[in-house]
Amino acid sequence: MDMSEISTYKSEWNPELVLTARPRLLVVDDQAVNIQALYQVFAKDSEVFMATSGKQAIEVCRQKMPDLILLDVLMPDMDGIEVCQILKDDAETQNIPIIFVTSQDSPEEETRGLEVGAVDFITKPVNPAVVRARVKTHLTLKMQSDALRALASIDGLTHLPNRRLFDERLEAEWRACRRAGVSIALIMIDVDHFKKYNDHYGHLEGDNCLKQVANSLMENNWRGRDLAARYGGEEFVCLMPETDLAGAMSKAESLRAKVEALAIPHELSANADFVTISVGVATTVPNDEKMAEVLLGIADEQLYKAKQAGRNGIAGVELP
Ligand SMILES: Nc1nc2c(ncn2[C@@H]2O[C@H](COP(=O)(O)OP(=O)(O)OP(=O)(O)O)[C@@H](O)[C@H]2O)c(=O)[nH]1
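The protein chain is annotated in an unreviewed UniProt entry as diguanylate cyclase of Zhongshania borealis.

### So, the overall build of the protein chain
Helix and strand counts for the protein chain come out as eleven helices and ten strands. Per-residue burial for the protein chain yields a buried fraction of 37% across its 320 residues. Residue pairs in contact within the protein chain that sit at least 24 positions apart in sequence constitute 65% of those at least 6 positions apart.

### Some thoughts on the packing of helix H8 (residues 194–201) against helix H9 (residues 203–218)
H9 packs onto H8 with a crossing angle of 135 degrees between their chain directions and a minimal axis gap of 6 Å. Looking at the two axes, H8 sits oblique to H9. Only His203, Glu205, Gly206 and Cys209 of H9 make contact with H8, whose side of the interface consists of Phe194, Tyr197, Asn198 and Tyr201. In terms of residue class, the contact of H8 with H9 is made up of four nonpolar, three polar and one charged.

### Structural notes on the site of the ligand
Close to the ligand lie 17 residues; Asp192, Phe194, Lys195, Gly206 and Gly233 are nearest. Sorting the residues of the shell around the ligand by element identifies strand S6 (184–191), H8 and H9 as the ones contributing at least two each. Of the residues assigned to the shell around the ligand, the class counts are four nonpolar, five polar and eight charged.

### A few points about the confidence of the model for the protein chain
Looking at the protein chain as a whole, its pLDDT mean stands at 91, while 97% of the residues score no less than 70. A low-confidence stretch, residues 1–7 (pLDDT under 50), is modelled with ten contacts involving residues beyond four sequence positions or located in other chains. ipTM for the predicted complex: 0.91, alongside a pTM of 0.75.

### Focus on the pairing of strand S10 (residues 314–319)
Summarising the sheet, strand S9 (residues 277–284) and S10 pair through six bridges and their orientation is parallel. Looking at S10, one finds that Ala282 is bridged to Val317. Crossover connection from S9 via helix H11 (residues 292–308) to parallel S10: handedness left-handed.

### Regarding the UniProt feature "domain: Response regulatory" (unreviewed entry) in the protein chain
UniProt records the feature "domain: Response regulatory" (unreviewed entry) for residues 24–139 in the present numbering. The span residues 24–139 shows a helical share of 46% and a strand share of 21%, and its end C-alpha atoms are spaced 9 Å apart.

### Some points on helix H4 (residues 80–89)
Every buried residue of H4 is accounted for by Gly80, Ile81, Val83, Cys84 and Leu87. In an axial view of H4, the angular spread of the buried residues amounts to 160 degrees, which keeps them on one side of the axis. Buried positions along H4 lie against helix H3 (54–64), strand S3 (68–72), strand S4 (98–102) and helix H5 (107–115).

### Topic: the UniProt feature "modified residue: 4-aspartylphosphate" (unreviewed entry) in the protein chain
According to UniProt, the feature "modified residue: 4-aspartylphosphate" (unreviewed entry) maps to Asp72 in the numbering used here. With respect to the element layout, Asp72 can be found in strand S3. Judged by the 26 C-beta atoms lying within 10 Å of it, Asp72 falls in the buried class. Not counting the four nearest positions on each side in its chain, Asp72 is found in contact with Val28, Asp29, Asp30, Asn34, Gly80 and Val101.

How each quantity is defined
- Residues numbered from 1 in each chain as written.
- Predicted model: local features only at pLDDT ≥ 70, side-chain atom pairs only at ≥ 80, totals over all residues.
- Helix = DSSP H or I, 4+ residues; strand = E, 2+ residues; numbered from the N terminus.
- Buried ≥ 20, exposed ≤ 12 C-beta atoms within 10 Å, placed from the backbone.
- Contact = placed C-beta atoms within 7 Å.
- Axes fitted to C-alpha atoms, helices over the stretch in contact; angles between N-to-C directions.
- Parallel < 35°, antiparallel > 145°, perpendicular 65-115°, else oblique.
- Nonpolar A, V, L, I, M, F, W, Y, C, P; charged D, E, K, R; others polar.
- Near = placed C-beta within 6 Å.
- pLDDT = per-residue confidence, 0-100.
- Pairing = 2+ DSSP bridges.
- Right-handed = clockwise from strand over helix to strand, strands pointing away.
- UniProt positions renumbered as here; feature names shortened; annotations may be inferred.
- Arc of directions from axis to C-beta.

Following this line, the structure appears as C-alpha coordinates:
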(Lines give C-alpha, C1' and ligand atoms only; values in the text may rest on other atoms or scores of the structure.)
Protein backbone atom coordinates (compact mmCIF):
# COMPACT_ATOMS: atom_id res chain seq x y z
CA MET A 1 0.00 0.00 0.00
CA ASP A 2 1.32 3.47 -0.87
CA MET A 3 1.38 5.26 2.50
CA SER A 4 1.04 8.71 0.90
CA GLU A 5 -2.42 7.71 -0.32
CA ILE A 6 -3.74 6.97 3.12
CA SER A 7 -6.04 9.56 4.60
CA THR A 8 -7.83 7.71 7.38
CA TYR A 9 -10.22 9.96 9.20
CA LYS A 10 -8.41 9.82 12.54
CA SER A 11 -4.66 10.40 12.74
CA GLU A 12 -4.07 7.46 15.10
CA TRP A 13 -4.94 5.10 12.18
CA ASN A 14 -2.69 6.81 9.66
CA PRO A 15 0.72 5.05 9.70
CA GLU A 16 2.48 8.01 8.09
CA LEU A 17 1.17 10.51 10.66
CA VAL A 18 2.00 8.08 13.45
CA LEU A 19 5.63 7.97 12.27
CA THR A 20 6.03 11.73 11.90
CA ALA A 21 4.09 12.95 14.96
CA ARG A 22 5.89 14.97 17.62
CA PRO A 23 6.69 12.54 20.46
CA ARG A 24 4.78 12.91 23.72
CA LEU A 25 6.62 12.15 26.95
CA LEU A 26 5.35 11.84 30.50
CA VAL A 27 7.89 12.56 33.24
CA VAL A 28 6.95 11.33 36.72
CA ASP A 29 8.91 12.28 39.83
CA ASP A 30 7.89 13.54 43.28
CA GLN A 31 10.79 16.05 43.20
CA ALA A 32 10.10 19.07 40.99
CA VAL A 33 13.82 19.62 40.46
CA ASN A 34 14.20 16.17 38.84
CA ILE A 35 11.24 16.82 36.54
CA GLN A 36 12.78 20.14 35.60
CA ALA A 37 16.09 18.48 34.67
CA LEU A 38 14.35 16.01 32.31
CA TYR A 39 12.06 18.71 30.93
CA GLN A 40 15.14 20.70 29.86
CA VAL A 41 16.46 17.68 27.96
CA PHE A 42 13.26 16.97 26.00
CA ALA A 43 11.17 20.16 25.74
CA LYS A 44 12.69 21.19 22.41
CA ASP A 45 11.81 18.03 20.44
CA SER A 46 8.89 16.59 22.38
CA GLU A 47 5.68 17.50 24.10
CA VAL A 48 6.38 16.90 27.79
CA PHE A 49 3.70 16.18 30.41
CA MET A 50 4.52 16.01 34.10
CA ALA A 51 3.19 14.26 37.20
CA THR A 52 4.44 14.41 40.79
CA SER A 53 2.75 11.29 42.20
CA GLY A 54 1.85 7.79 41.07
CA LYS A 55 -1.87 8.49 41.13
CA GLN A 56 -1.46 11.63 39.06
CA ALA A 57 0.81 9.74 36.64
CA ILE A 58 -1.96 7.21 35.91
CA GLU A 59 -4.53 9.98 35.41
CA VAL A 60 -2.31 12.00 33.06
CA CYS A 61 -1.35 8.85 31.20
CA ARG A 62 -4.98 7.83 30.52
CA GLN A 63 -5.82 11.37 29.44
CA LYS A 64 -2.81 12.21 27.29
CA MET A 65 -1.71 8.76 26.08
CA PRO A 66 2.02 9.61 25.92
CA ASP A 67 4.44 7.68 23.68
CA LEU A 68 6.85 7.00 26.55
CA ILE A 69 7.00 7.42 30.33
CA LEU A 70 10.07 8.28 32.43
CA LEU A 71 9.04 6.98 35.82
CA ASP A 72 10.65 7.56 39.20
CA VAL A 73 10.76 4.37 41.28
CA LEU A 74 10.73 5.74 44.82
CA MET A 75 7.69 7.90 45.50
CA PRO A 76 5.48 8.24 48.58
CA ASP A 77 1.96 6.64 48.47
CA MET A 78 2.26 4.69 45.21
CA ASP A 79 5.75 3.76 43.98
CA GLY A 80 6.86 3.44 40.36
CA ILE A 81 6.63 -0.37 40.36
CA GLU A 82 2.95 -0.22 41.31
CA VAL A 83 2.25 2.49 38.72
CA CYS A 84 3.95 0.35 36.07
CA GLN A 85 1.89 -2.72 37.03
CA ILE A 86 -1.38 -0.77 36.82
CA LEU A 87 -0.52 0.69 33.40
CA LYS A 88 0.59 -2.72 32.05
CA ASP A 89 -2.66 -4.34 33.25
CA ASP A 90 -4.77 -1.82 31.32
CA ALA A 91 -5.28 -2.66 27.62
CA GLU A 92 -5.42 1.05 26.75
CA THR A 93 -2.01 1.89 28.26
CA GLN A 94 -0.07 -1.39 28.13
CA ASN A 95 1.78 -0.55 24.91
CA ILE A 96 3.34 2.63 26.32
CA PRO A 97 7.04 1.97 27.04
CA ILE A 98 8.16 2.81 30.57
CA ILE A 99 11.74 3.68 31.52
CA PHE A 100 12.49 3.67 35.24
CA VAL A 101 14.61 6.50 36.55
CA THR A 102 16.12 5.61 39.91
CA SER A 103 18.94 6.37 42.30
CA GLN A 104 18.97 2.71 43.42
CA ASP A 105 20.79 0.78 40.76
CA SER A 106 21.06 -2.66 42.37
CA PRO A 107 20.59 -5.69 40.08
CA GLU A 108 17.58 -6.77 42.22
CA GLU A 109 15.90 -3.40 41.73
CA GLU A 110 16.59 -3.49 38.02
CA THR A 111 15.30 -7.05 37.65
CA ARG A 112 12.11 -6.17 39.51
CA GLY A 113 11.51 -3.19 37.22
CA LEU A 114 12.06 -5.22 34.07
CA GLU A 115 9.84 -8.02 35.38
CA VAL A 116 6.86 -5.69 35.79
CA GLY A 117 7.26 -4.56 32.18
CA ALA A 118 9.71 -1.62 32.05
CA VAL A 119 11.81 -1.45 28.87
CA ASP A 120 14.87 0.20 30.41
CA PHE A 121 16.52 1.62 33.50
CA ILE A 122 18.31 4.96 33.90
CA THR A 123 20.17 5.99 37.05
CA LYS A 124 20.02 9.37 38.76
CA PRO A 125 21.53 11.87 38.49
CA VAL A 126 20.68 11.56 34.80
CA ASN A 127 23.25 12.23 32.13
CA PRO A 128 21.42 14.26 29.43
CA ALA A 129 23.19 12.61 26.48
CA VAL A 130 22.54 9.07 27.80
CA VAL A 131 18.89 9.68 28.65
CA ARG A 132 18.30 11.36 25.29
CA ALA A 133 19.86 8.45 23.38
CA ARG A 134 17.92 5.79 25.28
CA VAL A 135 14.64 7.63 24.97
CA LYS A 136 15.23 8.07 21.23
CA THR A 137 15.73 4.31 20.76
CA HIS A 138 12.56 3.39 22.63
CA LEU A 139 10.52 6.13 20.97
CA THR A 140 11.58 4.91 17.52
CA LEU A 141 10.50 1.36 18.42
CA LYS A 142 7.20 2.65 19.81
CA MET A 143 6.44 4.77 16.72
CA GLN A 144 7.27 1.82 14.44
CA SER A 145 5.03 -0.57 16.33
CA ASP A 146 2.22 2.03 16.36
CA ALA A 147 2.61 2.44 12.59
CA LEU A 148 2.45 -1.33 12.05
CA ARG A 149 -0.60 -1.58 14.27
CA ALA A 150 -2.26 1.25 12.33
CA LEU A 151 -1.44 -0.46 9.03
CA ALA A 152 -2.91 -3.74 10.27
CA SER A 153 -6.09 -1.92 11.33
CA ILE A 154 -6.91 -0.30 8.01
CA ASP A 155 -8.98 -1.72 5.19
CA GLY A 156 -6.85 -1.64 2.02
CA LEU A 157 -9.62 -0.61 -0.38
CA THR A 158 -11.48 2.10 1.53
CA HIS A 159 -8.84 3.14 4.11
CA LEU A 160 -11.48 2.92 6.79
CA PRO A 161 -10.66 0.97 9.96
CA ASN A 162 -11.19 -2.75 9.35
CA ARG A 163 -13.25 -5.32 11.21
CA ARG A 164 -10.32 -6.34 13.43
CA LEU A 165 -10.02 -2.80 14.84
CA PHE A 166 -13.80 -2.51 15.08
CA ASP A 167 -14.06 -5.75 17.12
CA GLU A 168 -11.28 -4.57 19.43
CA ARG A 169 -12.89 -1.17 19.99
CA LEU A 170 -16.36 -2.62 20.41
CA GLU A 171 -15.11 -4.83 23.22
CA ALA A 172 -13.36 -1.92 24.99
CA GLU A 173 -16.27 0.53 24.55
CA TRP A 174 -18.79 -2.11 25.60
CA ARG A 175 -16.92 -2.48 28.91
CA ALA A 176 -16.58 1.31 29.32
CA CYS A 177 -20.32 1.90 28.72
CA ARG A 178 -21.22 -0.94 31.10
CA ARG A 179 -19.05 0.64 33.82
CA ALA A 180 -20.55 4.08 33.21
CA GLY A 181 -24.12 2.72 32.91
CA VAL A 182 -24.69 4.53 29.60
CA SER A 183 -26.12 3.52 26.26
CA ILE A 184 -24.04 2.29 23.32
CA ALA A 185 -25.24 2.34 19.70
CA LEU A 186 -24.34 0.18 16.70
CA ILE A 187 -25.20 1.07 13.11
CA MET A 188 -25.01 -1.55 10.32
CA ILE A 189 -24.96 -0.33 6.74
CA ASP A 190 -25.34 -2.30 3.50
CA VAL A 191 -25.20 -0.99 -0.05
CA ASP A 192 -28.47 -1.78 -1.85
CA HIS A 193 -28.46 -4.06 -4.90
CA PHE A 194 -24.70 -4.02 -5.00
CA LYS A 195 -24.45 -7.36 -6.80
CA LYS A 196 -26.37 -5.81 -9.71
CA TYR A 197 -24.06 -2.78 -9.58
CA ASN A 198 -21.00 -5.03 -9.94
CA ASP A 199 -22.63 -7.11 -12.66
CA HIS A 200 -23.60 -4.02 -14.66
CA TYR A 201 -20.62 -1.66 -14.17
CA GLY A 202 -17.86 -4.17 -13.43
CA HIS A 203 -15.91 -5.00 -10.28
CA LEU A 204 -13.51 -2.03 -10.56
CA GLU A 205 -16.38 0.44 -10.69
CA GLY A 206 -17.86 -1.50 -7.78
CA ASP A 207 -14.66 -0.87 -5.82
CA ASN A 208 -14.84 2.84 -6.70
CA CYS A 209 -18.40 2.99 -5.51
CA LEU A 210 -17.43 1.42 -2.16
CA LYS A 211 -14.63 3.99 -1.80
CA GLN A 212 -17.06 6.85 -2.33
CA VAL A 213 -19.52 5.44 0.19
CA ALA A 214 -16.63 4.98 2.67
CA ASN A 215 -15.50 8.59 2.12
CA SER A 216 -18.94 9.91 2.89
CA LEU A 217 -18.88 7.86 6.12
CA MET A 218 -15.49 9.33 7.09
CA GLU A 219 -16.71 12.87 6.62
CA ASN A 220 -19.66 12.50 8.90
CA ASN A 221 -18.70 14.64 11.91
CA TRP A 222 -18.00 11.80 14.28
CA ARG A 223 -17.44 12.42 17.96
CA GLY A 224 -14.08 11.49 19.51
CA ARG A 225 -14.81 7.85 20.45
CA ASP A 226 -17.07 7.02 17.49
CA LEU A 227 -15.75 4.61 14.91
CA ALA A 228 -16.91 3.83 11.37
CA ALA A 229 -15.38 0.69 9.85
CA ARG A 230 -15.65 -1.59 6.85
CA TYR A 231 -17.23 -4.72 8.22
CA GLY A 232 -16.65 -6.77 5.08
CA GLY A 233 -17.77 -6.76 1.44
CA GLU A 234 -20.32 -3.99 0.90
CA GLU A 235 -21.16 -3.78 4.60
CA PHE A 236 -20.06 -1.03 6.97
CA VAL A 237 -20.54 -0.64 10.70
CA CYS A 238 -20.42 2.29 13.13
CA LEU A 239 -19.84 2.23 16.85
CA MET A 240 -21.16 5.13 18.92
CA PRO A 241 -20.46 4.99 22.67
CA GLU A 242 -22.64 7.08 25.00
CA THR A 243 -25.37 7.37 22.37
CA ASP A 244 -29.09 6.59 22.72
CA LEU A 245 -31.57 5.45 20.07
CA ALA A 246 -32.68 8.97 19.09
CA GLY A 247 -29.06 10.10 18.59
CA ALA A 248 -28.13 7.00 16.60
CA MET A 249 -31.26 7.20 14.40
CA SER A 250 -30.49 10.80 13.51
CA LYS A 251 -26.91 9.83 12.61
CA ALA A 252 -28.21 6.87 10.57
CA GLU A 253 -30.55 9.14 8.65
CA SER A 254 -27.76 11.60 7.91
CA LEU A 255 -25.56 8.76 6.61
CA ARG A 256 -28.37 7.49 4.39
CA ALA A 257 -29.04 10.99 3.03
CA LYS A 258 -25.35 11.62 2.39
CA VAL A 259 -24.91 8.48 0.31
CA GLU A 260 -28.08 9.26 -1.66
CA ALA A 261 -26.73 12.79 -2.28
CA LEU A 262 -23.57 11.33 -3.84
CA ALA A 263 -25.91 10.53 -6.75
CA ILE A 264 -23.80 7.63 -8.05
CA PRO A 265 -25.84 6.30 -11.00
CA HIS A 266 -27.20 2.76 -10.54
CA GLU A 267 -29.34 1.87 -13.54
CA LEU A 268 -30.26 -1.60 -12.31
CA SER A 269 -31.27 -0.65 -8.79
CA ALA A 270 -34.87 -1.66 -8.16
CA ASN A 271 -35.50 1.15 -5.68
CA ALA A 272 -33.74 4.28 -7.05
CA ASP A 273 -31.73 5.67 -9.96
CA PHE A 274 -28.73 6.08 -7.68
CA VAL A 275 -26.70 4.00 -5.25
CA THR A 276 -28.42 3.87 -1.87
CA ILE A 277 -27.85 2.21 1.48
CA SER A 278 -30.05 0.52 4.02
CA VAL A 279 -29.23 1.11 7.68
CA GLY A 280 -29.99 -0.85 10.86
CA VAL A 281 -29.56 0.60 14.34
CA ALA A 282 -29.49 -1.08 17.75
CA THR A 283 -28.80 0.48 21.13
CA THR A 284 -28.69 -0.71 24.71
CA VAL A 285 -27.20 0.00 28.11
CA PRO A 286 -24.76 -2.92 28.49
CA ASN A 287 -24.88 -5.06 31.64
CA ASP A 288 -23.33 -8.34 32.77
CA GLU A 289 -26.03 -10.43 31.04
CA LYS A 290 -25.71 -8.80 27.63
CA MET A 291 -23.16 -9.55 24.94
CA ALA A 292 -21.90 -7.10 22.32
CA GLU A 293 -22.36 -9.77 19.59
CA VAL A 294 -26.07 -9.95 20.40
CA LEU A 295 -26.44 -6.20 19.83
CA LEU A 296 -24.59 -6.57 16.51
CA GLY A 297 -27.06 -9.31 15.53
CA ILE A 298 -29.97 -7.04 16.40
CA ALA A 299 -28.53 -4.18 14.32
CA ASP A 300 -28.26 -6.69 11.46
CA GLU A 301 -31.92 -7.70 11.91
CA GLN A 302 -32.89 -4.02 11.77
CA LEU A 303 -30.86 -3.67 8.57
CA TYR A 304 -32.81 -6.58 7.12
CA LYS A 305 -36.03 -4.84 8.17
CA ALA A 306 -34.93 -1.67 6.35
CA LYS A 307 -34.22 -3.79 3.25
CA GLN A 308 -37.65 -5.45 3.49
CA ALA A 309 -39.33 -2.06 3.83
CA GLY A 310 -38.04 -1.05 0.39
CA ARG A 311 -34.32 -0.20 0.94
CA ASN A 312 -32.79 3.33 1.06
CA GLY A 313 -34.18 3.56 4.59
CA ILE A 314 -33.36 3.14 8.25
CA ALA A 315 -34.77 0.99 11.04
CA GLY A 316 -33.78 0.84 14.66
CA VAL A 317 -34.60 -0.58 18.06
CA GLU A 318 -33.53 -0.23 21.67
CA LEU A 319 -32.74 -3.45 23.51
CA PRO A 320 -34.13 -3.12 27.06
N1 LIG B 1 -16.59 -4.48 -6.24
C2 LIG B 1 -16.66 -5.08 -5.08
N3 LIG B 1 -17.72 -5.86 -4.79
C4 LIG B 1 -17.78 -6.48 -3.60
C5 LIG B 1 -16.77 -6.31 -2.64
N6 LIG B 1 -17.12 -7.02 -1.55
C7 LIG B 1 -18.32 -7.61 -1.80
N8 LIG B 1 -18.74 -7.28 -3.06
C9 LIG B 1 -19.95 -7.72 -3.76
O10 LIG B 1 -21.11 -7.21 -3.12
C11 LIG B 1 -22.21 -8.01 -3.54
C12 LIG B 1 -23.18 -8.17 -2.40
O13 LIG B 1 -24.33 -8.75 -2.90
P14 LIG B 1 -25.54 -9.27 -2.03
O15 LIG B 1 -25.06 -9.64 -0.65
O16 LIG B 1 -26.27 -10.32 -2.81
O17 LIG B 1 -26.47 -8.06 -1.78
P18 LIG B 1 -26.98 -6.90 -2.76
O19 LIG B 1 -26.84 -7.24 -4.19
O20 LIG B 1 -26.33 -5.63 -2.30
O21 LIG B 1 -28.53 -6.87 -2.44
P22 LIG B 1 -29.26 -6.29 -1.17
O23 LIG B 1 -28.27 -6.26 -0.03
O24 LIG B 1 -30.39 -7.23 -0.91
O25 LIG B 1 -29.75 -4.90 -1.51
C26 LIG B 1 -21.65 -9.32 -4.07
O27 LIG B 1 -21.83 -9.37 -5.46
C28 LIG B 1 -20.16 -9.21 -3.74
O29 LIG B 1 -19.34 -9.84 -4.72
C30 LIG B 1 -15.65 -5.49 -2.99
O31 LIG B 1 -14.69 -5.30 -2.22
N32 LIG B 1 -15.64 -4.89 -4.20
